[in-house]
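One letter stands for each residue in the lines below.
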Amino acid sequence: MNIFDKEIDRRNTDSQKWDKYKGRDIIPMWVADSDFETAPEIIDALQKRVAHGVFGYSVEPTQGVQEAIQYHLKSQYDWNIEKEWIVPLPSLVRGLSLSTLMTDDGKDDVLVPGTIYPPFNFVTENNNRNIIKIPMKLNDSSGVERWLLDFDVLENSITANTQLLLFCNPHNPAGTVYTRDELTRLHEICVKHDLLVCSDEIHCDLVLDETKKHIPFATLDDDAANRTITLMAASKTFNVAGLGFGFSIIPNNALRAKFKVMVRQQMPDINILAQTATEAAFKHAENWRLEQIEYLRVNRDYLMQAINDIDGMKMYPLESTFLAWIDVSALKLDDVAEFFERAGVGISAGRDFGDNNFIRLNFACRLSLLKEAVNRIAKAVETRQIAKADC
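First, a word on scope: everything that follows refers to the structure included in this document. (Residues numbered from 1 in each chain as written. Predicted model: local features only at pLDDT ≥ 70, side-chain atom pairs only at ≥ 80, totals over all residues. Heavy atoms only, no water.)

## Regarding the sheet that holds strand S11 (residues 314-315)
Part 1 of the argument: The 4 strands lie next to each other as S11-S12-S15-S14, forming an open sheet whose pairing is antiparallel. On the outer flanks of this sheet lie S11 and strand S14 (348-349), each paired with one strand and no other. (Pairing = 2+ DSSP bridges. Helix = DSSP H or I, 4+ residues; strand = E, 2+ residues; numbered from the N terminus.)

Okay, structure coming up:
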């Protein structure tokens, strides 16, 4: 049996994902954690650390996790970083929040993708910054439909008070993996207008399209490195989000010093077990990651065909992540989330990401469960269409 086909009952385990629908026959496919048991190398490392029995304050970051991050970025992206560039974080959302505070006084306009993971908007608003939303447009110049930032609108939206771009690559929720040419175009705009970039790259190790490769924005050249705060974590890829650990890579000494001051002032200490898990993930769990990628590709391909066979639903090609971005506008639903919950599937409503015409569906689960969810959706859509035809 494929290890990713293993059925693990997450009910009554204080799972945010599963407890949302506690006592209801709803398959949860909303929040972005997987239902896969994490890599055995990570479990083994955690068990050994727990067996030590002492859990005092730890060095932040530990030497082991620094070396693991360096090794991972070099082996995956040919990115040579210095240990000093690493600033640990309890979560990447905290990193997004701090990044919005890195601008000069009066530079309060922040460029944010119009369709995006919700914390991009709420951390910006909570820090009393002005959001300038940049639309995503469907591009098919390569013969494949892909969602991209509208670079022309982005450049024309920059004001005298704009100093920061919040960027997401691979994109959540559309799954786009930006090419080098696309990143270069974005970098040219940032140079021309002297923009700081916070690049959320948490899904970088989950590229499913075999023709695509993740390129960290900061690796384009020295200038890009000097103006970028890169946010990464093992949490999505290795399903250890509940442990609470991410990291920023900040090559610019002045930016890093300012960022670290805010981290000390506003962030809690880092969980030692989270560091243990990250070190094990990056040093020892690469084979598990590759096996998961293969399994997710099968799930994605099944889902794309099955969804596109349902009248009124459309799934676009997905280059990365385990999060499908599905157009349901043709169904003309009054309450998207309620419709799918009544069908027995819990999804993320597109309105939370900036587009009520879509849903986001997490397919990081065993294939048999995914098939059951799709069957429920297909049945609900068919029943609705029959009822409308009879009216």
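## What about the sheet that holds strand S8 (residues 196-200)?
Part 1 of the argument: As summarised here, the arrangement of the 7 strands in space is S2-S10-S9-S8-S7-S3-S4, forming an open sheet in which the pairing is mixed. For this open sheet the edge positions go to strand S2 (86-89) and strand S4 (130-134), each flanked by a neighbour on one side alone. Each strand of the sheet is rotated relative to its neighbour by a mean of 20°, with strand direction disregarded.
Part 2 of the argument: Relative to strand S3 (residues 109-113), helix H5 (residues 119-126) is tilted by about 170°, and along the sheet it contacts S3, S4, strand S7 (162-168) and S8. (Axes fitted to C-alpha atoms, helices over the stretch in contact; angles between N-to-C directions. Contact = heavy atoms within 4.5 Å.)

## Focus: the nonpolar core
Part 1 of the argument: Among the nonpolar cores identified, the biggest contains 75 residues, and Met313, Phe340 and Phe363 are the most heavily contacted of them.
Part 2 of the argument: With 8 residues, the single largest contributor to this core is helix H14 (residues 367-390).
Part 3 of the argument: The residues contacting phenylalanine 363, other than those within four sequence positions of it, are Leu208, Leu296, Asn299, Arg300, Leu303, Leu318, Thr321, Phe322, Leu323, Ala324 and Leu370.
Part 4 of the argument: Within the second largest apolar cluster, 28 residues are counted, among which are Leu111, Leu148, Phe151 and Leu220. (Core = buried A, V, L, I, M, F, W, Y, C linked by side-chain atoms within 4.5 Å. Buried < 20%, exposed > 50% of the residue type's maximum accessible area, 1.4 Å probe, protein only.)

## Some thoughts on the layout of surface pockets
Any empty space left between atoms is shown by rolling a water-sized probe over those atoms.
Part 1 of the argument: There is about 430 Å³ of room inside the second largest pocket.
Part 2 of the argument: If you go around the second largest pocket, you meet 24 residues; those closest to its centre are Asp9, Arg11, Trp18, Ile26 and Leu369.
Part 3 of the argument: Only helix H1 (16-19) and H14 provide two or more residues apiece to the lining of the second largest pocket.
Part 4 of the argument: Residue contributions to the lining of the second largest pocket peak at 3 residues, all from H14.
Part 5 of the argument: Its residues assigned to classes, the lining of the second largest pocket comprises 9 nonpolar, 2 polar and 13 charged. (1 Å grid on protein atoms, 1.4 Å probe; cavity = no way out; pocket = protein on both sides within 12 Å on 5 of 7 lines; lining within 4 Å. Points joined across faces, edges and corners; volume = space filled by probe spheres on them. Nonpolar A, V, L, I, M, F, W, Y, C, P; charged D, E, K, R; others polar.)

## Let's talk about the pairing of strand S15 (residues 358-362)
On a regular strand, one side chain projects to one face of the sheet and the next to the other, so that they alternate.
Part 1 of the argument: In terms of burial, S15 is largely enclosed, as 5 of its 5 residues are buried.
Part 2 of the argument: Residues Phe358, Arg360 and Asn362 of S15 are buried on one face, and the alternating residues Ile359 and Leu361, pointing to the opposite face, are buried as well.
Part 3 of the argument: Judged from the 5 bridges that link them, strand S12 (residues 323-327) and S15 form a sheet pairing that is antiparallel. When the sheet's bridge partners are listed, tryptophan 325 is paired in S15 with arginine 360.
Part 4 of the argument: Here S14 runs beside S15; their pairing, made up of 2 bridges, is antiparallel. Pairing of alanine 349 across the sheet is with isoleucine 359, part of S15.

## A look at H5
Part 1 of the argument: Buried within H5 we find Pro119, Phe120, Asn121, Val123 and Thr124.
Part 2 of the argument: Looking at the buried residues of H5, the elements they touch are helix H4 (92-99), S3, S4, S7 and S8.
Part 3 of the argument: Of the residues flanking the end of H5, it is asparagine 128, one or two places downstream, whose phi is positive at about 60°.

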